[in-house]
Amino acid sequence: MLIIILYFFVAIVAVQILFYLIVFSKFAFAKAQSITPKKVSVSVIVCAKNEAENVANFIPLLLEQDYPDFEIILIDDASSDNTLEIFETYEKQYSNIRLVKVKNNEAFWGNKKYALTLGIKTAKKEYLLFTDADCYPTSKDWITAMSSQFTMQKTIVLGYGKYEKIANSFLNKIIRFETLLTAIQYFSWAKAGHPYMGVGRNLAYKKEEFFNVNGFISHIQVRSGDDDLFINEAANAKNTTIAYLPESFTLSKPKITYKDWIIQKRRHFATATYYKTFDKVQLGIFYFSQLLFLLVPIVLLAFQYEWILVVSLIGIRYLITWLIIGFSAAKLKEKDVVYFYPIIEFILIFTQLNVFFKNIISKPVQWR
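Below you will find a few notes about this structure. (Residues numbered from 1 in each chain as written. Predicted model: local features only at pLDDT ≥ 70, side-chain atom pairs only at ≥ 80, totals over all residues. Heavy atoms only, no water.)

This brings us to the pairing of strand E1 (residues 42–48). For E1, the tally of buried residues reaches 7 of 7 residues, placing the bulk of the element in the interior. Side chains of E1 alternate between two faces, with Val-42, Val-44, Val-46 and Ala-48 and Ser-43, Ile-45 and Cys-47 buried alike. Note that E1 and strand E2 (residues 70–77) share 7 bridges and pair parallel. Counterpart to Ser-43 in the pairing with E2 is Glu-71. Viewed along the sheet, the connection from E1 through helix H2 (residues 52–63) into E2 turns out right-handed. Judged from the 6 bridges that link them, E1 and strand E4 (residues 127–132) form a sheet pairing that is parallel. Note on E4: the bridge partner recorded for Val-44 is Leu-129. (Buried < 20%, exposed > 50% of the residue type's maximum accessible area, 1.4 Å probe, protein only. Helix = DSSP H or I, 4+ residues; strand = E, 2+ residues; numbered from the N terminus. Pairing = 2+ DSSP bridges. Right-handed = clockwise from strand over helix to strand, strands pointing away.)

Right under this line is the structure:
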C-alpha cells in the first residue's frame, strides 16, 4: 500500500514540476519588454458604483496621463452616494471626459456588464483600456505602456493589477502573493497560446473584439466576469498578448480583513466555473496537485517510508517553483512576498478549499 502511495506522490510532484517548467517558465524567463509608442486612439473606461472617495482621488491621476489621444469614459452605475456628482464636476472641467449615467432597470438591475456595455458603446476611440474605480496607474505612461503592446494581430492586451503594500500586514502579503500567482498563470498560458482570463483592473482590447463576440451576451446572466469571462471567450493565440512593463501596472486598494478578502475570492471562484472546459481542467489539476503535494507526504513520512526520497522530492519541487516564482516576482516588482512563499502557499491552498466548500453551500455576493 505504501509503495502505491509513493508512486502517487511521485506523479503529483511530476505534475507540479511540469506546470512550472513547461507553462509558468514561459513568463518567468520571458525577455524584458520595451515601450514602442503606438499612434492609436484610446478610451479609458472606468465603471463606478458608490466609489465617491476613490474616484475623487484617482480620476486626477488618469487625467495626468502623458498620451496624445485619449478620452476617459466615466460610468456611474446608479450610485447612491455622490459618485455621480463628482463625475459631473470632472466632465464640466475636462473636454476629454465623457459621462455615462446608468439607471437601474428591471432586466439588468445591478449588472455591471450592462453598465460597461453602455460605456463601451459611448466610447469614440478605437482601443479600450479598462481599470476599476479603486485603481490608479503607477506611472504617467500607463496608457503608452499598455497600448504599445498592440499590433495589427494582437488586439487584446492583458495587464497586471497590483495591490498596494500595507506595512506589517501578513494578510496583505497573502493577497499580493495570490495576485502574483494568478498573474503568473494567466500570463504564462497567454504566452503558451492559450489565454484564459484577464483582470478588469488592467485590461485593454480593440473595440471590435467586444462586438465580435456580441459583448457579454453569452454570460450576461452571470453578474461577475466582465473581465475574465470575456477574455475566456474572446481571446486566442492570435489576438492576445501581455504587458508586464513596470509602467503598465495599476495599483489597487487591497482588502484589509480576512472576511472581506474571502468574499472577494468567492466571487472569483464562482466565475471560474463558467470557463471553457480545458481551462477548468488545467486549473483544477494545478490546484489539486498542490493540495495533494501537501497531504500525501504526511502519510509517507509518518511511516518513515522511503523518507529520504520523499524529502528529496519535496526539496526539488520547492527549488524549481521558488526559482520560477522568484523570476516572475522580479518582473512584476513583488519580490518581497516570495520570501514567505512556502508558508503563504500552505495558507492559500486551504483558503481555496474553504472557499470551494462555502460556494457549494451558498452563492457569493455579487456587484451591487
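More follows now that the structure is in view.
Moving on, we come to the pattern of salt bridges. Two side chains that carry opposite charge are able to pair once their charged atoms sit near each other. Under the counting rule described, the total for this entry stands at 11 salt bridges. Between Glu-126 and Lys-206 there is a salt bridge, and its shortest N-O distance comes to 3.3 Å. Remark: Lys-206 occurs in strand E8 (residues 203–206) and Glu-126 occurs in the loop between helix H4 (112–122) and E4; sequence separation between them is 80 residues. Taking relative accessible area as the criterion, Glu-126 reaches 39% and is therefore assigned partly exposed. Note that Glu-178 is salt-bridged to Lys-265, the shortest N-O span being 2.7 Å. One end of the pair, Glu-178, is in helix H6 (residues 170–191); the other, Lys-265, is in helix H9 (residues 258–272), with 87 residues separating them in the sequence. Through salt bridges with shared partners, a single network forms among Lys-162, Lys-165, Arg-176, Glu-334 and Asp-336. (Salt bridge = Lys/Arg side-chain N within 4 Å of Asp/Glu carboxyl O.)

Under the criterion given, the structure shown has 31 aromatic pairs. Aromatic side chains Trp-322 and Tyr-341 sit 5.6 Å apart centroid to centroid with 70° between the ring planes, which places their arrangement in the edge-to-face category. Remark: Tyr-341 occurs in helix H13 (residues 341–361) and Trp-322 occurs in helix H11 (residues 307–331); sequence separation between them is 19 residues. The class of Trp-322 is partly exposed, set by a relative accessible area of 34%. Exposure remark for Tyr-341: the relative accessible area of 1% places this residue in the buried category. Ring pairing ties together the aromatic residues Phe-9, Phe-177, Phe-293, Tyr-318, Trp-322 and Tyr-341, which thus form one cluster. The aromatic ring of Tyr-318 is capped on one face by Arg-317, whose charged end is 5.0 Å from the ring centroid. Between the NZ or CZ atom of Lys-331 and the centre of the ring of Phe-27, over which it lies, the distance is 5.9 Å. (Phe/Tyr/Trp six-rings, centres within 6.5 Å; stacked < 30°, edge-to-face > 60°. Lys NZ or Arg CZ within 6 Å of the ring centre and 35° of its normal.)

As for its placement among the helices and strands, Ser-188 is situated in helix H6. Judged by relative accessible area, Ser-188 falls into the buried class, the value being 0%. Leave out the neighbours within four places in its chain, and Ser-188 touches Val-23, Phe-24, Lys-26, Phe-27 and Ala-183. (Contact = heavy atoms within 4.5 Å.)

A few words on the state of the cysteines. In total, this model carries 0 disulfides according to the counting rule given. Cys-47 takes part in no disulfide bond, and the closest cysteine sulfur to it belongs to Cys-135, at a distance of 12 Å. (Disulfide = S-S within 2.5 Å.)

Turning our eyes to something else, we now look at the sheet that holds E8. Taken together, 7 strands build an open sheet; the order of strands is E3-E2-E1-E4-E8-E6-E9 and the sheet is mixed. The open sheet has two edge strands, strand E3 (97–102) and strand E9 (240–242), and neither has a second partner. Each neighbouring strand pair of the sheet contributes to a mean axis angle of 20°, computed without reference to strand direction. With 3 bridges connecting them, strand E6 (residues 156–158) and E9 associate as parallel partners. Bridge assignment links Ile-156 to a residue of E9, and that residue is Thr-240. Lying over the sheet, H2 contacts E1, E2 and E3, oriented at roughly 160° with respect to E2. (Axes fitted to C-alpha atoms, helices over the stretch in contact; angles between N-to-C directions.)

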